[in-house]
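Architecture and fold: a report
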Amino acid sequence: MKILLKYWLLLISMALSVTAFADAVSQIEIHQPWARVSPPGAPSAGFMLVQNHGSSDDVLLSVSGDFAARLELHLSHMEDGVMKMTEQKEGIVIPAGGEVLFKPGSYHLMFMGLAKPFVAGEVYRVTLQFEQAGSVELALPVQEMTDMPAMKH
Ligand SMILES: [Cu+2]
């Protein structure tokens, strides 16, 4: 049952993958979007793989959505043995022909001031704003941390 559920969530994630061909130079493709289950009162975070098949760098400038008071672009990093997060106010560069993996402990979409806690099985919609590709709608299925699909590419 557990394995079936995981497989099903993976299929959902793949079905929800989107491609934005806003112009000829930037071709942003997003795979396996998901958001983390959150305890009451706690923030949540969103994760995904962003690929740029284009010939010029693109920049993820912002994330927006109606389910949280504040949505930000963050990077987690270890500093003196402590995990810290910093808002990426200049945006996050998605290099031409490259990709950036948003995952726990690294880049993530930060959702603060949630209207209600994220529960596994729910789906939340966000809009990503790219410098070149423009706005990209994305659906994030909520999953337990342990249900994180394996990244295979
Ligand atoms: Cu954060």
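Residues numbered from 1 in each chain as written. Predicted model: local features only at pLDDT ≥ 70, side-chain atom pairs only at ≥ 80, totals over all residues. Heavy atoms only, no water.

1. A closer look at the coordination of the copper ion
Put simply, the rule reads: Each metal site is built from N, O and S donor atoms within 2.8 Å (3.2 Å for Na, K and Ca), and since water is not included, such sites may look incomplete. Geometry assignment treats four donors as tetrahedral when all angles are between 85 and 135 degrees, treats four as square planar and six as octahedral when opposite donors are over 155 degrees apart and all others between 65 and 115, and treats everything else as irregular. Elements are defined by DSSP. Helices are runs of H or I of four residues or more, strands are runs of E of two residues or more, and each kind is numbered from the N terminus.
The coordination sphere of the copper ion, as far as protein atoms go, consists of His74 (ND1), Met85 (SD), His108 (NE2) and Met110 (SD), spread over 2.1 to 2.3 Å. Angles of 96 to 117 degrees at the metal separate the four donor atoms of the copper ion, which places the site in the tetrahedral class. Written as a sequence motif, the donor arrangement for the copper ion is H-x10-M-x22-H-x1-M. Linking Met85 in strand E6 (residues 82-87) with Met110 in strand E9 (residues 107-114), this pair joins segments that are 25 residues apart in sequence.

2. Examining the confidence of the model for the protein
What counts, and what does not: For every residue, the pLDDT score states the predictor's confidence, bounded by 0 at the bottom and 100 at the top. Contacts were defined at the residue level, with two residues in contact if any of their heavy atoms lie within 4.5 Å.
Mean pLDDT for the protein: 86, with 78% of residues reaching 70 or above. A low-confidence stretch, residues 21-25 stays under pLDDT 50, and its non-local contacts, those more than four residues away or across chains, total eight contacts.

3. Section: the pairing of strand E4 (residues 58-64)
Test applied: Strand pairing follows a simple DSSP-based rule, namely that at least 2 bridges must link the two strands.
One ladder, built from three bridges, connects E4 with strand E7 (residues 92-94); its direction is antiparallel. Directly across from Val59, in E7, lies its bridge partner Val93. As paired elements, E4 and strand E10 (residues 123-130) share four bridges and run antiparallel to each other. When the bridges of E10 are listed, Ser64 appears paired with Thr127.

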